[in-house]
Amino acid sequence: MQITVACKTEYSDDALKAIDEALSSIPSNIDQQLSALGLKIILVPNMMDYCPVLKELTEEELRQFDKNCPALYAPLEKTVYLAEKWNGYESLSLMQNLLNRCGYAHGRLSGVSSSEEFRQAVAEDLKQASAGLQIEYRELSGQPRELYAVLFSLAVTMKSGKNSDAWYESFAQIFPCTLKLVVDELRLFEKEGSERDRS
């Protein structure tokens, strides 16, 4: 998978190490599949100055944009933009954020997140959840690509033996059938990451 540094800063080397660690935890065939589908990663000092997608937004859309979002997938460009820093603070959980956006791209480009099997697994999990949890997770469950992104990141992190934060781990409790579907899919591939180009 091609990695480009938009503008090298004092934070770039540490960010690149986190990127390598994140991508090396993705099963090699999925890494190769994403590369074949044209996915690219661009490391930027901050989103607002370096992400062209945001420059195309209206003032109203910018006001609604999540200022705490440190990573963004641009589908037309097939590019993940990853911020070293956001609003002056170092990007937290950079590895988890990158895996999340790679998961979103994988679900979208492969069609997995829009499959009937995935939707059925989500529906089955919500049937078993309490009314309160159904309300709490209804918004995300209605966005299958975003839900797939979370579960992809969680599954890859679990397979690598690392811990996710509490928010991610809560999805393992609420969506066990859907998570198993994602884990089973990832287990079809090898664990070793493929070689990646950097420019």
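Just so you know, these numbers come straight off a predicted model, no measurement behind them.

With respect to the sheet that holds strand S1 (residues 2-5)
Across the sheet, four strands lie side by side as S1-S2-S4-S3; this open sheet has mixed pairing. Two strands in the sheet have a free side with no partner beyond their single neighbour: S1 and strand S3 (71-74). Strand after strand, the sheet turns through a mean of 20° between neighbouring axes, direction not considered. Note: S3 against strand S4 (residues 79-83), four bridges, orientation antiparallel. Of the residues in S4, the one forming a bridge with Leu72 is Tyr81. Against the sheet, helix H1 (residues 12-24) makes contact with S1, strand S2 (40-44) and S4, and its axis sits at roughly 165° relative to S1, the strand it touches most. Contacting S2, S3 and S4, helix H6 (residues 94-110) crosses the sheet at an angle of about 20° to S3.

Thoughts on the packing of aromatic side chains
The final tally for this structure, using the stated rule, is four aromatic pairs. The interplanar angle of 55° and the centroid separation of 5.8 Å between the aromatic rings of Tyr73 and Tyr104 together place this pair among those described as tilted. Within this pair, whereas Tyr73 is found in strand S3, its partner Tyr104 is found in helix H6, the two being separated by 31 residues in sequence. The same class applies to Tyr73 as to Tyr104, namely buried. Judged by centre distance (5.6 Å) and plane angle (65°), the ring pair of Phe118 and Tyr148 falls under edge-to-face. Within this pair, whereas Phe118 is found in helix H7 (residues 116-128), its partner Tyr148 is found in helix H9 (residues 144-159), the two being separated by 30 residues in sequence. Relative accessible area serves as the criterion here: at 1%, Tyr148 is assigned to the buried category. Three or more aromatic residues joined by ring pairs form one cluster here, namely Phe118, Tyr148 and Phe152.

Comments concerning the pattern of salt bridges
Under the defined criterion, the tally for this structure stands at three salt bridges. Lys8 is paired through a salt bridge with Asp13; the nearest N and O atoms lie 2.6 Å apart. On the basis of relative accessibility, which here comes to 57%, the residue Lys8 falls in the exposed class. Overall, Asp13 belongs to the partly exposed group, its relative accessible area being 44%.

Looking at the nonpolar core
Note on soluble globular proteins: their nonpolar side chains tend to be buried together. With 50 residues, the main nonpolar core has Ile19, Leu23, Leu98, Phe171 and Phe175 as its most contacted residues. In terms of nonpolar packing, the next biggest core, distinct from the first, is built from nine residues, Val44, Met47, Leu54 and Ala83 among them.

Rules behind the numbers
- Within each chain, residues carry numbers counting from 1 in the order of the written sequence.
- The predicted origin of the model limits local features to residues at a pLDDT of at least 70 and limits the giving and counting of side-chain atom pairs to 80 or more, whereas totals for whole chains, interfaces and linings rest on all residues.
- Note that water and hydrogens are dropped before the side-chain values are worked out from all heavy atoms of the structure.
- Whether two strands pair comes down to DSSP finding at least two bridges between them.
- Helix and strand definitions here come from DSSP, where helices need a minimum of 4 consecutive H or I residues and strands a minimum of 2 consecutive E residues; each element is numbered from the N-terminal end.
- All axes here are fitted lines through C-alpha atoms, helices being fitted over the stretch that makes contact, and every angle between N-to-C directions spans 0 to 180 degrees.
- Two residues form a contact once any of their heavy atoms are found within 4.5 Å.
- To pair, rings of Phe, Tyr and Trp, with the six-membered ring standing in for Trp, must have centres within 6.5 Å; the planes then decide the type, stacked if under 30 degrees apart, edge-to-face if over 60, and tilted in the middle.
- Per-residue accessibility, obtained with a 1.4 Å probe over protein chains only, is compared with the maximum for each type, and a residue is labelled buried under 20%, exposed over 50%, and partly exposed between these values.
- Any carboxyl oxygen of Asp or Glu within 4 Å of a side-chain nitrogen of Lys or Arg constitutes a salt bridge here.
- The set of buried Ala, Val, Leu, Ile, Met, Phe, Trp, Tyr and Cys residues whose side-chain atoms join them within 4.5 Å is what this entry labels a nonpolar core.

Keep in mind these numbers describe shape, not what the thing actually does.
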